[in-house]
Amino acid sequence: MIWLTWRQFRLQALVVVGAVAALAVVLVVTGPGLADDYQRYAGDFLNQIQFDRINQYLYIAGQSLVYAAPPVIGAFWGAPLIARELEAGTHRLVWNQSITRTRWLVTKLAFTGIGAMVVTGALSLAVTWWADPIDDAIDAGQTAGFFEIPRLLPPVFGARGVVPIGYAAFAFALGVAVGLLVRRSVVAIAITLAGVIAIQILSPILIRPYLMTPVETTVIVTVENMRGLQLSGPGQNPVVMRVEAKADGEGNWKLSEQTVNSAGEAQKTLPSYLAECGPPPPNATAEEARSRQPLSVCFQRLADDGYRQQITYHPASHFWGLQWREAGLFLLLAFGLTGFCFWRIRRDLT
Amino acid sequence: MTSALRARGLGKKYGRRWALTECTLDVPAGRVVGLVGPNGAGKSTLLNLAVGMLTPTTGSIEVLDAPTGGPQLAKIGFVAQDTPTYGRLSVAEHLKLGAHLNPGWDDSLAQARIQQLGLDPKQRAGKLSGGQRAQLALTLGIAKRPELLILDEPVAALDPLARREFLQDLMEAVTEQELSVVLSSHLVSDVERSCDYLVVLVDSRVQISGDIETLLATHYRLAGPRRDEKSMPQNHYVISASHTDRQSTFLVRTDEPILDPAWSISQLTLEDIVLAYMGRSASMQRNDRPVLEVHR
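The rules we used
Residues numbered from 1 in each chain as written. Chains lettered and ligands numbered in written order. Predicted model: local features only at pLDDT ≥ 70, side-chain atom pairs only at ≥ 80, totals over all residues. Heavy atoms only, no water. Helix = DSSP H or I, 4+ residues; strand = E, 2+ residues; numbered from the N terminus. Buried < 20%, exposed > 50% of the residue type's maximum accessible area, 1.4 Å probe, protein only. Contact = heavy atoms within 4.5 Å. Areas by Shrake-Rupley, 256 points an atom, 1.4 Å probe, with all protein chains shown as cover. Lys, Arg positive; Asp, Glu negative; His and termini not counted. Charge placed at Lys NZ, Arg CZ, Asp CG, Glu CD. Patch = residues over 30% accessible without salt bridge, like charges linked within 9 Å, V, L, I, M, F, W, Y side chains within 5 Å. Salt bridge = Lys/Arg side-chain N within 4 Å of Asp/Glu carboxyl O. Axes fitted to C-alpha atoms, helices over the stretch in contact; angles between N-to-C directions. Parallel < 35°, antiparallel > 145°, perpendicular 65-115°, else oblique. Left-handed = near helix turned anticlockwise from the far one by under 90°. Nonpolar A, V, L, I, M, F, W, Y, C, P; charged D, E, K, R; others polar. Buried area = accessible area lost by both parts, 1.4 Å probe. Polar contact = N/O pair within 3.5 Å; in protein donor to acceptor, adjacent residues only side chain to side chain. Pairing = 2+ DSSP bridges. pLDDT = per-residue confidence, 0-100. Domains from an automatic or database assignment. Core = buried A, V, L, I, M, F, W, Y, C linked by side-chain atoms within 4.5 Å.

1. Observations concerning the overall build of chain B
For step 1, the next point in the chain: Secondary structure summary: chain B contains eight helices and 14 strands in total.
For step 2, the next point in the chain: Structurally, chain B occupies a C-alpha span of about 70 × 40 × 35 Å along its principal axes.
For step 3, the next point in the chain: Scored against the burial criterion, the 296 residues of chain B give a buried share of 50%.
For step 4, the next point in the chain: Look at the contacts in chain B between residues 6 or more apart in sequence, and 67% of them connect residues 24 or more apart.
For step 5, the next point in the chain: Entry remark: accessible area of chain B is about 14,200 Å², with carbon and sulfur atoms responsible for 48%.
For step 6, the next point in the chain: Of the side-chain charges in chain B, 32 are positive and 34 negative, and the distance between the mean point of each set is 7 Å.

2. Re a nonpolar patch on the surface
For step 1, the next point in the chain: Judged by side-chain polarity, I197, I201, L202, I205 and L206 of chain A come together as a nonpolar surface patch covering roughly 470 Å² of accessible area.
For step 2, the next point in the chain: Here I205 of chain A is to be found in helix α8 (residues 185–206).

3. Observations regarding the packing of helix α3 (residues 107–117) of chain B against helix α5 (residues 160–177) of chain B
Residues and elements named next belong to chain B.
For step 1, the next point in the chain: It is the contact of α3 with α5, at a shortest axis distance of 13 Å, that shows an interaxial angle of 150°. Accordingly, the angle class assigned to the pair α3 and α5 is roughly antiparallel. Two packed elements cross with a definite hand, and for α3 against α5 that hand is right-handed. On the side of α3, the interface is formed by L109, R113, Q116 and L117, while α5 contributes D169, E172, A173 and Q177.
For step 2, the next point in the chain: Class assignment of the residues belonging to the contact of α3 with α5 gives a composition of three nonpolar, two polar and three charged.

4. A look at the interface of chain B and chain A
For step 1, the next point in the chain: The interface of chain B with chain A comprises 31 residues on the first partner and 24 residues on the second.
For step 2, the next point in the chain: Surface buried jointly by chain B and chain A totals about 2,400 Å² across both partners, of which 58% is contributed by carbon and sulfur atoms.
For step 3, the next point in the chain: Area buried by chain B at its contact with chain A is led by M53, Y86 and L101 of chain B, which between them contribute 32% of it.
For step 4, the next point in the chain: At the junction of chain B and chain A, the tally comes to two salt bridges.
For step 5, the next point in the chain: Among the ionic pairs, D348 of chain A bridges to K12 of chain B, the shortest N-O distance being 2.2 Å.
For step 6, the next point in the chain: Across the chain B-chain A interface, the total number found is twelve residue pairs in polar contact (both at pLDDT 80 or more).
For step 7, the next point in the chain: Of all elements in the fold, only α1 (43–51), β6 (76–79) and α2 (91–101) of chain B reach the threshold of two or more residues within the side of chain B that touches chain A.
For step 8, the next point in the chain: Counting residues per element, the side of chain B that touches chain A draws most heavily on α2 of chain B, which supplies seven residues.
For step 9, the next point in the chain: Taken together, the residues that form the side of chain B that touches chain A break down as 15 nonpolar, ten polar and six charged.

5. Some points on the sheet that holds strand β11 (residues 219–225) of chain B
Residue and element names in this part refer to chain B.
For step 1, the next point in the chain: Pairing is antiparallel in the open sheet, where four strands are placed in the order β12-β13-β11-β14. Where the open sheet ends on each side, the last strands, each with one partner, are β12 (237–243) and β14 (264–267). The sheet shows a mean angle of 20° between the axes of neighbouring strands, direction not considered.
For step 2, the next point in the chain: In this structure, β12 lies alongside strand β13 (residues 247–253), joined through six bridges in antiparallel fashion. Residue pairing in the sheet places S240 in a bridge with L251 of β13.

6. Regarding the confidence of the model for chain B
Residue and element names in this part refer to chain B.
For step 1, the next point in the chain: Considering every residue of chain B, the mean pLDDT works out to 86; 94% of them sit at 70 or more.
For step 2, the next point in the chain: Within chain B, no element has a lower average pLDDT than helix α8 (residues 270–295), which sits at 61, and none a higher one than α2, at 94.
For step 3, the next point in the chain: This model gives residues 286–296 a pLDDT under 50, and the stretch forms zero contacts once residues within four places in sequence are excluded.
For step 4, the next point in the chain: Scoring the predicted complex yields pTM 0.89 and, for the interface, ipTM 0.86.

7. Considering the domain arrangement of chain B
Residues and elements named next belong to chain B.
For step 1, the next point in the chain: Domain boundaries in chain B define domain 1 (3–203) and domain 2 (213–294).
For step 2, the next point in the chain: Of the residues lining the interface, nine residues belong to domain 1; the matching set on domain 2 comes to seven residues.
For step 3, the next point in the chain: Together, the buried faces of domain 1 and domain 2 total about 800 Å²; carbon and sulfur atoms form 76% of this surface.
For step 4, the next point in the chain: The interface formed by domain 1 and domain 2 contains zero salt bridges.
For step 5, the next point in the chain: At the surface where domain 1 touches domain 2, the tally comes to zero residue pairs in polar contact (both at pLDDT 80 or more).
For step 6, the next point in the chain: Looking at the side of domain 1 that touches domain 2, the elements that each hand over two or more residues are α6 (188–194) and β9 (197–202).
For step 7, the next point in the chain: Per-element tally for the side of domain 1 that touches domain 2: the top contributor is β9, with three residues.

8. A word on the pattern of salt bridges
Between side chains of opposite charge, pairing is possible as soon as their charged atoms come close.
All names here are of chain B.
For step 1, the next point in the chain: Applying the stated rule across the entire model yields 21 salt bridges over all chains.
For step 2, the next point in the chain: Between R113 and D169 there is a salt bridge, with its nearest N and O atoms 2.7 Å apart. Here D169 lies in helix α5 and R113 lies in helix α3, a separation of 56 residues in the sequence. With respect to class, R113 is no different from D169; both count as buried.
For step 3, the next point in the chain: Measuring nitrogen to oxygen at the nearest pair gives 2.7 Å for the salt bridge that ties D190 to R163.

9. Quick notes on the sheet that holds strand β1 (residues 215–219) of chain A
Residues and elements named next belong to chain A.
For step 1, the next point in the chain: Ordered by their spatial adjacency, three strands build an open sheet running β1-β5-β4, and the pairing between neighbours is antiparallel. Lying at the two open borders of the sheet, with one neighbouring strand each, are β1 and β4 (253–260). Averaged over all pairs of adjacent strands, the angle between strand axes in this sheet comes to 20°, irrespective of strand direction.
For step 2, the next point in the chain: Here β1 pairs with strand β5 (residues 308–314) via five bridges, running antiparallel.

10. A few points about the nonpolar core
Soluble, globular proteins show a tendency: their nonpolar side chains are buried together.
For step 1, the next point in the chain: Counting 159 residues, the largest nonpolar core has I134 of chain A together with I150 of chain B as the members making the most contacts within it.
For step 2, the next point in the chain: The biggest single contributor to this core is helix α5 (residues 101–139) of chain A, with 13 residues.
For step 3, the next point in the chain: Two domains share this core, each providing at least three of its residues, namely domain 1 (3–203) and domain 2 (213–294) of chain B.
For step 4, the next point in the chain: With sequence-adjacent residues up to four places away left out, I150 of chain B is seen in contact with L5, L47, A50, V51, I76, G77, F78, V79 and V182 of chain B.
For step 5, the next point in the chain: Residues M226, V243, F299 and Y307 of chain A belong to the second largest nonpolar core, which totals 17 residues.

11. Regarding the pairing of strand β10 (residues 205–211) of chain B
Residue and element names in this part refer to chain B.
For step 1, the next point in the chain: Across six bridges, the pairing between β9 and β10 is antiparallel. Paired with L201 across the bridge in β10 is V206.
For step 2, the next point in the chain: Counting the residues in the hairpin turn of β9 and β10 gives two residues, including D203, whose phi is positive at 50°.

In C-alpha cells, the structure reads:
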C-alpha cells in the first residue's frame, strides 16, 4: 500500500520537495554568513545588510514559500487524493483488493499527511533559522528599510516556527475532505486553495489575538512614543480624531488602542489643541511653522489634562506561546477533518 | 458452501429513489451465473451491494454464506463496470499493485495471463484498448485467487470481437480455477455464451432463476386454435399469451411432456425466454389495476 501511495503521489511530491530543497540549500549556504554579520555589526547589523540584494530576496522568497506551502499542499496533495480516484472510478478497483478502504485511507493519509508536515516543517525551520538574526535585530529595536516588521506581527508570524506545520496539516486534511465531498479534482483544488488562503488571511484577525490573554497597559503620549495623529476636517480647524502611541518594549503586536480622559472614559475626538502636536499643515507659511510651540509643550498639556492611551498588545515574549497554541489548534482541526474523512469513506461511494 | 449470493428483502435507496426493492434471491456457488435484466433493473446496485461498495437500506445480503465486509474482501474478486484501471500506471505496475494489496496473489498466473494476452508490461493502462483494459482488470480479479468472481457488465463497452475474446478467456480461467462467477449483462447473447445458470432481474425482482439447460428444456412455444388462457392444464405455467381471431400462441413452462395434439410445439431460445419474462413483468405492471378489477 505504501508502494502504491508513493507511486501515485511521487510527481506532486517531487515538485514541492524540489522547490523546498532548492530554497533550503541556498538558505543553509548563506545563513552562516548572515549570523556572522550579526555578530560583527551588532547594533548596526540591519543597516549593514539592507543593501545586499540577496538578503532582501531570500527574506522575501523564504517568507513567500512558507506561506505558499499550505495552500499548495492542500490543493495538490490533499484535494486529488480521493477525488481523483472517485473521478476515474479507480476506487472501485483499489477498494476491491484484499485490504479495507479504512486501511487504504490510513496509509494514504499517514504517508502523505506526515510528508506534508515534515516538508513544511523543514522549510519553516530553514527560514526561521536563516532569518533569526534579522528577527532578533528587529526585536532589539533596529530597523532598516525593508527589515522592519517584528516576527510577532501577522506578515511574518505565519512564516516562522511551528505554525506552518499546523497549517500544512490542516490544509492537507481540508483538501482530502473537500475532495471526498465534491468528488472532482479540479473543483476540489479550487475550493481548497481559496479556503486555505482565506483562513491564512482571517486567522490573524479572528483567531490569533485570542489565543493568549493580551497585556493591557496605559501610557502617556510623549514626543518619543507618538506614532500617529489622525485629523479630520478643514485645514485650519481640524477635528483631532485619534492619536497613537507605542507601548513599552520592542517587537510588540498592538491589538487595540484608545484614548481615555482623566475619568477613564473613552474619547471619540480629542482636544483641538492636539493638532499642534503634529507636523504643520502642508500649506502653512514658514512664519506660521516657526511660531508653533515645541511639541513637548503640547504633549505635556495633554498629559496634564489627564488623557492616557489604553493599549492592549501581545509582547514579543508571547511569540512561542502563540506559535504553539495556533499550531495545536490547526492540528486539532486537521484531526477533526481526518475523522470526518474516515466516517465518510465507510459509507456508500460508487 | 452452498450459495454465492443470498439476498433477503434487499433494498437500496439513493436519496428518494429506490434502485432496488425487496430483492430476494439465491445464487448457487460453483456455477457461472448470468444476471440479466434491462438497464435500470438494479443489477449494478445488487452487485455493488454484494461486494460491499454499497450498504443495504433494507434487508440483507450474504456472499459465500457470510455478511460482506473486511475479511470477505480477499475471497471476492470484483471487476467493476467500465473496468477501471489507473491510466498512468503501467501494466506491470498494476500487477505489482495486485501483489502488494492481496495476500493470496498468484503472480505466476498474472504474468502468464499478461504474456498470453500479448500485453506489453511497460505500456501504460491509459494507452490500452478497451478490450485490453478489461483483460487487465480481469487479470487483477483472477490473480487475487478469489472464491467468487463478480463482474459488473464487463463487456458492455467492448466491440463484438473483444467481447467474445473476453468471455472466452473468462471461461478458460473459470474452468482452470474452479471459481464461482456472477456476471451481469443486459445482453442475453453474452450470458448464453458463457454461463450455465441464469437469473433474470426486472424491476428489482427475480423473474426466473435456474440452470440454463433446464430452462431451455422446460419452456415451449405452443401454437394452436384459439383458446382461453384459463383453460390451459394446471401444470402449464403461462408466461405470455397472444391471440389472433383464430389462433392462440402461448409461451409456457412445464416439467411434464406436452401431450395435447392440438398444439404445434416449438423450442425456445434463451433470448426468447428472457424476453418473455421481461415482457411479462412490463405488461403486468401496466395492466395491474384493470386486471384486478376484472377479476373482482
